[in-house]
Amino acid sequence: MAALGWLTPRRRSATARSVLAGEASAEAARKNQEATAPLDEAAEPEFPVLGDDKAAAFFDLDNTVMQGAAIFHFGRGLYKRKFFETRDLARFAWQQAWFRLAGVEDPEHMQEARDSALSIVKGHRVAELQTIGEEIYDEYMAERIWPGTRALAQAHLDAGQKVWLVTAAPVEIAGVIARRLGLTGALGTVAESVDGVYTGKLVGEPLHGPAKAEAVRALAAAEGLDLSRCAAYSDSHNDIPMLSLVGHPYAINPDAKLRKHARELDWRLRDYRTGRKAAKVGIPAAAGVGAVAGGTAAAIALSRRRR
């Protein structure tokens, strides 16, 4: 390009400082070109790299791969199977509606949901919950998978790379979702069991925030992966530790804090929730509106039934 002619080498010798200045200027120009390029797939360098067996992809689940939170959908399915009462379902529905409207994880809501789930499954067999999880996926989760994020995961699989879910959801449910999507596997919160029966306690702590990063680091070491060649995808600022581990971090449907952080560090962003951006990736704009309306309506209807 004529406008970049000034970047061509000069015949006179260059000092170390001028070389440094030239390299820095060229890098700045490259970054500026990327920042101003249209947000479409053709404008990006080829990624993931075909046949790179030292690379893998790590995907957060809630609001990244799937609309809403897996634990709430799981609770709804357990209620249908008489695991708990209507008042508990109303709480689950309200938390799910709030999650969809806010689009972020609230630690208090998530902790309450986890505590409720642990108390509900206490005394039940692990195998029983795994079987029920398969049914709940078909009933409530399959239709809530974001097509755009699913396509990103498939691109890594097509390139011959392993793809893992990394989520605070129970590992049994995460494993069901990963298997149904054709992914490699899942890292999730582990509930304690003795002789195949849940005790109502956790092993360690929920796989959330820094714990996710530690899980990814451990898995990468075990699998012989180069994290600088790996990718990670999430919607939440809580997952910045995980995103910061890899060479290719993506902010998917980001909350405000993650969006700000991603822009400051020049991370790639994808947002499949709004009409304008959804149109670019082939997702009907009405899908996002319908999700919010559906969650709100469910909460209101359950509240009315309780009166």
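Rules and cut-offs
- Residues numbered from 1 in each chain as written.
- Predicted model: local features only at pLDDT ≥ 70, side-chain atom pairs only at ≥ 80, totals over all residues.
- Heavy atoms only, no water.
- Helix = DSSP H or I, 4+ residues; strand = E, 2+ residues; numbered from the N terminus.
- Areas by Shrake-Rupley, 256 points an atom, 1.4 Å probe, with all protein chains shown as cover.
- Salt bridge = Lys/Arg side-chain N within 4 Å of Asp/Glu carboxyl O.
- Buried < 20%, exposed > 50% of the residue type's maximum accessible area, 1.4 Å probe, protein only.
- Axes fitted to C-alpha atoms, helices over the stretch in contact; angles between N-to-C directions.
- Parallel < 35°, antiparallel > 145°, perpendicular 65-115°, else oblique.
- Left-handed = near helix turned anticlockwise from the far one by under 90°.
- Contact = heavy atoms within 4.5 Å.
- Nonpolar A, V, L, I, M, F, W, Y, C, P; charged D, E, K, R; others polar.
- Pairing = 2+ DSSP bridges.
- pLDDT = per-residue confidence, 0-100.
- Core = buried A, V, L, I, M, F, W, Y, C linked by side-chain atoms within 4.5 Å.

**Student:** What exactly am I supposed to notice about the overall build of the protein chain here?
**Tutor:** In terms of helices and strands, the protein chain carries 12 helices and 8 strands. Accessible surface, the protein chain: about 15,700 Å² in total, of which carbon and sulfur atoms supply 55%.

**Student:** Looking at this structure, how should I read the pattern of salt bridges?
**Tutor:** Pairing between side chains of opposite charge can happen when the charged atoms of each approach one another. By the definition in use, this model includes 16 salt bridges. Across the salt bridge formed by Glu223 and Lys162, the nearest N and O atoms sit 2.7 Å from each other. With Glu223 in helix 8 (residues 210-223) and Lys162 in strand 2 (residues 162-170), this pair connects stretches of sequence that are 61 residues apart. For Glu223, a relative accessible area of 32% corresponds to the partly exposed category. The partly exposed category is assigned to Lys162, whose relative accessible area is 38%. For Lys260, the salt bridge identified is with Glu264, shortest N-O distance 2.6 Å. Residue Lys260 and its partner Glu264 are both found in helix 10 (residues 256-265); the two are separated by 4 residues, about one turn of the helix. Of the residues examined, Glu264 reaches a relative accessible area of 53% and is grouped as exposed.

**Student:** Can you walk me through the packing of helix 5 (residues 126-141) against helix 7 (residues 171-180) in this structure?
**Tutor:** For any two helices packed against each other, one specifies the inter-axial angle together with the distance between the axes. Direction vectors running N to C along helix 5 and helix 7 enclose 50°, while the axes themselves pass 9 Å from each other. With respect to helix 7, the axis of helix 5 lies oblique. Between helix 5 and helix 7 lies a crossing whose hand is right-handed. Across the interface between the two elements, Val126, Gln130, Gly133, Glu134, Tyr137, Asp138 and Met141 of helix 5 pack against Glu172, Ile173, Val176, Ile177, Arg179 and Arg180 of helix 7. For the contact of helix 5 with helix 7, the per-class residue count stands at 6 nonpolar, 2 polar and 5 charged.

**Student:** I would appreciate a short explanation of unusual backbone geometry in the present structure.
**Tutor:** Outside of glycine, negative phi angles account for most residues, and trans bonds account for most peptide bonds. Unlike most non-glycine residues, Asn63 shows phi in positive territory, near 70°. Structurally, Asn63 is set in the loop between strand 1 (56-59) and helix 2 (70-80). Asn63 gets classed as buried once you look at its relative accessible area, which sits at 6%.

**Student:** Would you mind showing me how to read the packing of helix 2 against helix 5 here?
**Tutor:** Following both chains from N to C, one finds helix 2 and helix 5 inclined at 105°, their axes separated by 9 Å at the closest point. Compared by their axis directions, helix 2 and helix 5 come out roughly perpendicular. Here Ala70, His73, Phe74, Arg76, Gly77, Leu78 and Lys80 of helix 2 lie close against helix 5, whose contacting residues are Leu129, Ile132, Gly133, Ile136, Glu139, Tyr140 and Met141.

**Student:** Would you explain the pairing of strand 4 (residues 191-194) in this entry?
**Tutor:** The side chains of a regular strand alternate, first on one face of the sheet and then on the other. Summarising the sheet, strand 4 and strand 5 (residues 197-202) pair through 3 bridges and their orientation is antiparallel. The residue bridging Ser193 from the neighbouring strand is Tyr198, located in strand 5. If you look at the hairpin formed by strand 4 and strand 5, you'll find 2 residues sitting between the two strands, and Asp195 has a positive phi there, around 55°.

**Student:** Is there a simple way to think about the confidence of the model for the protein chain in this case?
**Tutor:** Detailed conclusions should not be drawn from predicted coordinates in areas where pLDDT is low. Looking at the protein chain, the pLDDT average stands at 76 and 63% of residues meet or exceed 70. Note on residues 1-12: pLDDT is under 50 here. Beyond four places in sequence and across chains, it has 2 contacts. With pLDDT under 50 throughout, residues 35-42 is counted as low confidence; its partners more than four residues away or in other chains account for 5 contacts.

**Student:** Before we go on, may I ask you to explain the environment of Pro210 in this structure?
**Tutor:** With respect to the element layout, Pro210 can be found in helix 8. The spacing of Pro210 and Ile240 is 30 residues in sequence and 8.4 Å in space, taken between C-alpha atoms.

**Student:** Help me understand the nonpolar core in this model?
**Tutor:** A general trend in soluble globular proteins is that nonpolar side chains are found buried together. Phe59, Leu78, Met141, Leu165 and Ile177 are the most contacted members of the largest nonpolar core, which totals 44 residues. Residue contributions to this core peak at 7 residues, all from helix 5. In terms of nonpolar packing, the next biggest core, distinct from the first, is built from 25 residues, Val166, Leu245, Val246 and Ala262 among them.

**Student:** Would you explain the sheet that holds strand 1 in this entry?
**Tutor:** Paired through their backbone hydrogen bonds, the strands of a sheet run either parallel or antiparallel. The strand order 3-2-1-6-7-8 describes an open sheet built from 6 strands, whose pairing is parallel. Two strands close off the open sheet at either side, each with one partner strand: strand 3 (185-189) and strand 8 (268-270). Recorded for the sheet is a direction-independent mean angle of 20° between the axes of neighbouring strands. Direction of pairing for strand 2 relative to strand 3: parallel, over a ladder of 4 bridges. Note on strand 3: the bridge partner recorded for Val166 is Leu187. Of the strands in this sheet, strand 2 and strand 3 touch helix 7, which is tilted by about 145° from strand 2.

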